[in-house]
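Here is how the chains run, residue by residue.
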Amino acid sequence: MKKLISDCGPGEEFNYNVSDLHEEDCIFCISRFVELDGMVSFQYRKGDEIMYLLHDVKTKETWVAPSFKDDYLFENNNIPLDMCYSDEEGVLSVLRVDFIPYFIEDVIDKGHLNPKIDEYEKLMGIKGDSNPVLFFHKYKSRSK
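A.B. asks: Would you mind going over the environment of Glu61 with me for this structure?
C.D. replies: Topologically, Glu61 is positioned in the loop between strand S5 (49-56) and strand S6 (62-65). The spacing of Glu61 and Met39 is 22 residues in sequence and 9.7 Å in space, taken between C-alpha atoms. When residues no more than four places from it in sequence are discounted, the contact partners of Glu61 are Leu54, His55 and Asp56.

Pasting the structure below:
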């Protein structure tokens, strides 16, 4: 990793050749760190892949996957909803503008959106030039 960073000299900024990170066997661009209900989650890159990690603090189990599923959509949910905030009630995630056309084509137009979702009618009317969409995933109660 040291070879990827070269110092320009005293008082100058570092130069990063980020393209080399894609060829290394290392994890980088760790982001979207969220504490869930007894869980910790974050996104990272390894090579050209974007991965998500979910770690159970109590059991010390860890899962890694290219995406997580939610119950807002019916089967075959491949819409990336990036988790961006959490509190004791749940997790806030965002549907980014670059995925809205896919959301329209493969979810709205094919009838895969769960009609029980809040603001269902508004989501059915989403357009390709819409702003990002925020989703709040409320924690389900766990039996203790």
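A.B. asks: Teacher, can you tell me more about the sheet that holds S5 here?
C.D. replies: Sheets are built from strands that pair by backbone hydrogen bonding, the pairs being arranged parallel or antiparallel. Read from one edge to the other, the open sheet built from 4 strands follows the order S3-S4-S5-S6, with strand pairing classed as antiparallel. If you trace the sheet from one side to the other, it starts and ends with strand S3 (27-36) and S6, each paired once. Strand-to-strand, the axes of this sheet are offset by a mean angle of 20 degrees, without reference to chain direction. Here S3 pairs with strand S4 (residues 39-46) via 6 bridges, running antiparallel. The residue bridging Val34 from the neighbouring strand is Ser41, located in S4.

A.B. asks: Explain the environment of Ile117 to me, please; I cannot follow it from the model alone.
C.D. replies: On the secondary structure map, Ile117 appears in the loop between helix H1 (100-108) and helix H2 (120-124). Between the C-alpha atoms of Ile117 and Phe135, which are 18 residues apart in sequence, the distance is 9.8 Å.

A.B. asks: Would you mind showing me how to read unusual backbone geometry here?
C.D. replies: Negative phi is the rule for most residues except glycine; trans is the rule for most peptide bonds. Positive phi values are uncommon outside glycine, yet Cys29 reaches one of about 55 degrees. Although it is not a glycine, Lys60 sits at a positive phi angle of roughly 65 degrees. For Lys60, the location among the structural elements is in the loop between S5 and S6.

A.B. asks: Looking at this model, I keep getting lost on the pairing of S5. Mind explaining?
C.D. replies: As a general feature of sheets, a regular strand has side chains that alternate between the two faces. As paired elements, S4 and S5 share 8 bridges and run antiparallel to each other. Counterpart to Ser41 in the pairing with S5 is Leu54. From the end of S4 to the start of S5, which pair antiparallel, there are 2 residues, and Gly47 there has a positive phi angle of about 65 degrees. As paired strands, S5 and S6 are joined by 4 bridges and run antiparallel to one another. Among the inter-strand pairings, His55 is bridged to a residue of S6, identified as Thr62. The hairpin formed by S5 and S6 contains 5 residues between the paired strands, and Lys60 there has a positive phi angle of roughly 65 degrees.

A.B. asks: Would you take a moment to explain the side chain of Ser41 for this structure?
C.D. replies: With respect to the helices, strands and loops of the structure, Ser41 is situated in strand S4. The buried category is assigned to Ser41, whose relative accessible area is 1%.

About the criteria used
- Residues numbered from 1 in each chain as written.
- Predicted model: local features only at pLDDT ≥ 70, side-chain atom pairs only at ≥ 80, totals over all residues.
- Heavy atoms only, no water.
- Helix = DSSP H or I, 4+ residues; strand = E, 2+ residues; numbered from the N terminus.
- Contact = heavy atoms within 4.5 Å.
- Pairing = 2+ DSSP bridges.
- Axes fitted to C-alpha atoms, helices over the stretch in contact; angles between N-to-C directions.
- Buried < 20%, exposed > 50% of the residue type's maximum accessible area, 1.4 Å probe, protein only.

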